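# Architecture and fold: a report
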Amino acid sequence: PPSPPPFHPPSPPPPPPPPPLPRPPPPRNPAPPRPPTVARVVSANLEEIDSRIRQSRSSQLRSLTISTGNLSFAPDTFYYTVLVPYSTAEVTLTPTLWRYSPGLHIQVNGEEVGNHAESQPVALSPEFNVTKIRVAIVDSTGARPSTYQIDLVKEGISPPPHPPSPPRPPPPPNKELINKQSYKKAVQERNERASAARQGKKMAKRTSST
């Protein structure tokens, strides 16, 4: 007869998981959070204001000097008037960025200038007493976040004016107008003579009737 299959006892069941650890009880009287002190609030506000100023001035100039004349520069002032002697033929400008960045460029009347470098000479207008110069900051996208304008005004004695032009000759007479005026005058004289003749006839009739 065949032999019976070998007997394997069943494996024991796995042990049950350990019970969860008990949570610590919450504190009976939790301490309320401390309000920020006035000094901390003021310090945080000052830091935020200073950060905004640095961000806004990152695309502005720190200084701008001119070779001739007195230029009192301020980063937040974008229009200036500078008096120069009348004999001044050209000037140069030296701009400096507030914070140098490779993505920012400086242009003086469209010509690029290096940071804290002297620009090319800008010629003053020989015909007018005011010459406008624009210093622009250009970013990598081509936008101009800041533009400063300097109006150079020549002062002093100006050269003598040019001699006055000779007076123009009077226009030639208009023949058509003269003919119209003559015809109108002739018609008026004829009407006056006819009116005088009628008045004379009336007077003669009155005399003869009397």
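See the structure above.
Bear in mind that the values here come from a model prediction, so they are computed numbers and not experimental data. (Residues numbered from 1 in each chain as written. Predicted model: local features only at pLDDT ≥ 70, side-chain atom pairs only at ≥ 80, totals over all residues. Heavy atoms only, no water.)

Moving on, we get to the packing of aromatic side chains. Across all of its chains, the model carries three aromatic pairs by this definition. Here the aromatic rings of F73 and Y148 are separated by 5.4 Å at their centres, their planes lie at 55 degrees, and the arrangement is tilted. Residue F73 is located in the loop between strand 1 (61-66) and strand 2 (79-85), and its partner Y148 is located in strand 9 (residues 146-155); the two are separated by 75 residues in the primary sequence. For Y148, a relative accessible area of 0% corresponds to the buried category. Judged by centre distance (4.9 Å) and plane angle (25 degrees), the ring pair of F78 and Y148 falls under stacked. Of this pair, F78 sits in the loop between strand 1 and strand 2 while Y148 sits in strand 9, and the two are 70 residues apart along the sequence. Look at F78 and you get partly exposed, because its relative accessible area is 26%. (Phe/Tyr/Trp six-rings, centres within 6.5 Å; stacked < 30°, edge-to-face > 60°. Helix = DSSP H or I, 4+ residues; strand = E, 2+ residues; numbered from the N terminus. Buried < 20%, exposed > 50% of the residue type's maximum accessible area, 1.4 Å probe, protein only.)

Within the secondary structure, A117 sits in the loop between strand 6 (111-113) and strand 7 (122-123). The residues contacting A117, other than those within four sequence positions of it, are L93, T94 and P95. (Contact = heavy atoms within 4.5 Å.)

Turning next to the pairing of strand 2. Across the two faces of strand 2 the burial differs, with Y80, V82 and V84 buried and Y79, T81, L83 and P85 not buried at all. Pairing of strand 2 with strand 9 involves seven bridges; the strand directions are parallel. Its bridge partner lying in strand 9, V82 is registered against L152. (Pairing = 2+ DSSP bridges.)

The next thing to look at is unusual backbone geometry. One non-glycine residue, N109, lies in the positive phi region at around 55 degrees. Within the secondary structure, N109 is located in the loop between strand 5 (105-108) and strand 6. By relative accessible area, N109 is classed as partly exposed at 39%. Of note in this structure, H116 is not a glycine but carries a positive phi near 60 degrees. For H116, the location among the structural elements is in the loop between strand 6 and strand 7. Since its relative accessible area comes to 57%, H116 is described here as exposed.

In this section: the side chain of T88. Secondary-structure assignment places T88 in the loop between strand 2 and strand 3 (90-91). Within polar-contact distance, the side chain of T88 engages the backbone oxygen of P85 at 2.9 Å. Setting aside chain neighbours within four positions, we find T88 in contact with T68, L124 and K154. (Polar contact = N/O pair within 3.5 Å; in protein donor to acceptor, adjacent residues only side chain to side chain.)

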